[in-house]
Structures are given as structure tokens and as C-alpha cells.
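# Examination of the molecular architecture
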Amino acid sequence: MLSYNDMKLVCMSYMDDFSRINQNRLIRTVEMCDLMEDEKEKKFTLNSTLNIILWDFEEAIQMGFHKFVKTKFLERYEAIQYHEANKKDCPGCKICKIGGLLA
Ligand SMILES: [Zn+2]
């Protein structure tokens, strides 16, 4: 299970793929969550927003949002982690930029 911070990282990595209005929704939600203390509350709030903004992703609609988050988010998270561990050979890519959020 991904923590709130892990999910946030994955959401950020998808940022460019969301419509403008949903990018704003996501940014507002993350700002709000970052002010919360309770991990469960953060995840609940972020998930509520995902249930709205994932309509932007055809794949998520077909797969079902819950399953999409459980599988694709995890894959993306692992890809970011893997890249972080091996990035010394990377000349700089999109994931490098996202990885900066890990620090
Ligand atoms: Zn890179």
C-alpha cells in the first residue's frame, strides 16, 4: 500500500496528463492534504479527488479507478524508485524532475 506521500508523488508524475481544470483540482487538494496531520484523512481526501480527475484517463475508466490506483500507481511508483536508484546514467528526463520531489 502506498503512503500519502507516495501517492502524491505518483499524482505529480501524471500531472501533465490531466486536463487543466483537473490539474488545478489536484494542486488544491495536495495543498490541502499537506496541511493535514492524519494520514488516513490525507489519503481519503486525495482519493476523493482522484475519483473525479481520473475521468481524464480512458484506461482508468476501463479498468475501474480503484484497480487503476492499486496497479498503475504502484507500477509508476516503482518505476520512479528504480530510476532514482539508477539515475547517475540519466542525462535528465521527466522522471528526474519528478524524482526531485522525493528529496
Ligand atoms: Zn532521468
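## What to know about the overall build of the protein
Tallying secondary structure elements over the protein gives six helices and zero strands in all. Reading the protein from its N terminus to its C terminus gives the helix and strand order α-α-α-α-α-α. Here the C-alpha atoms of the protein give a radius of gyration of 14 Å, agreeing with the 13 Å that 2.2 N^0.38 yields for 103 residues. Dimensions along the principal axes, computed over C-alpha positions, put the protein at roughly 40 × 35 × 25 Å. For the protein, the share of sequence-separated contacts (at least 6 apart) that also reach a separation of at least 24 residues comes to 51%.

## Regarding the packing of helix α1 (residues 4-13) against helix α5 (residues 65-86)
For the pair α1 and α5, the least separation of the axes is 9 Å and the interaxial angle reads 90°. By the angle between their axes, α1 is roughly perpendicular relative to α5. Residues Asp6, Met7, Leu9, Val10 and Ser13 of α1 touch α5, and the partners they reach there are Phe73, Arg76, Tyr77 and Ile80. Looking at the contact of α1 with α5 residue by residue, the class counts come to six nonpolar, one polar and two charged.

## Examining the nonpolar core
If you look at the biggest cluster of nonpolar residues, it comprises 15 residues, and the most contacted ones within it are Met7, Val10, Leu46 and Leu50. Among the secondary structure elements, those contributing two or more residues to this core are α1, α2 (20-34), α3 (39-53) and α5. Ranked by residue count, the leading element in this core is α1, at five residues. Setting aside residues no more than four positions away along its own chain, Met7 makes contact with Leu2, Lys43, Leu46 and Phe73.

## Quick word on α1
Within α1, seven of the 10 residues are buried, which leaves the element mostly enclosed by the surrounding structure. Within α1, burial applies to Tyr4, Met7, Lys8, Leu9, Val10, Cys11 and Ser13.

## Some details on the environment of Met7
Looking at the secondary structure, you find Met7 in helix α1. Under the C-beta neighbour-count criterion, Met7 is labelled buried, with 22 such atoms within 10 Å. C-alpha of Met7 to C-alpha of Leu74: the two residues are 67 residues apart in sequence and 8.6 Å apart in space.

## Regarding the confidence of the model for the protein
Mean pLDDT over the protein stands at 92; residues scoring 70 or higher make up 95%. Ranking the helices and strands of the protein by mean pLDDT puts α3 first, with 98, and helix α6 (residues 94-99) last, with 75.

Thresholds applied
- Residues numbered from 1 in each chain as written.
- Predicted model: local features only at pLDDT ≥ 70, side-chain atom pairs only at ≥ 80, totals over all residues.
- Helix = DSSP H or I, 4+ residues; strand = E, 2+ residues; numbered from the N terminus.
- Rg over C-alpha atoms; globule rule 2.2 N^0.38 Å.
- Contact = placed C-beta atoms within 7 Å.
- Axes fitted to C-alpha atoms, helices over the stretch in contact; angles between N-to-C directions.
- Parallel < 35°, antiparallel > 145°, perpendicular 65-115°, else oblique.
- Nonpolar A, V, L, I, M, F, W, Y, C, P; charged D, E, K, R; others polar.
- Core = buried A, V, L, I, M, F, W, Y, C linked by C-beta atoms within 7 Å.
- Buried ≥ 20, exposed ≤ 12 C-beta atoms within 10 Å, placed from the backbone.
- pLDDT = per-residue confidence, 0-100.

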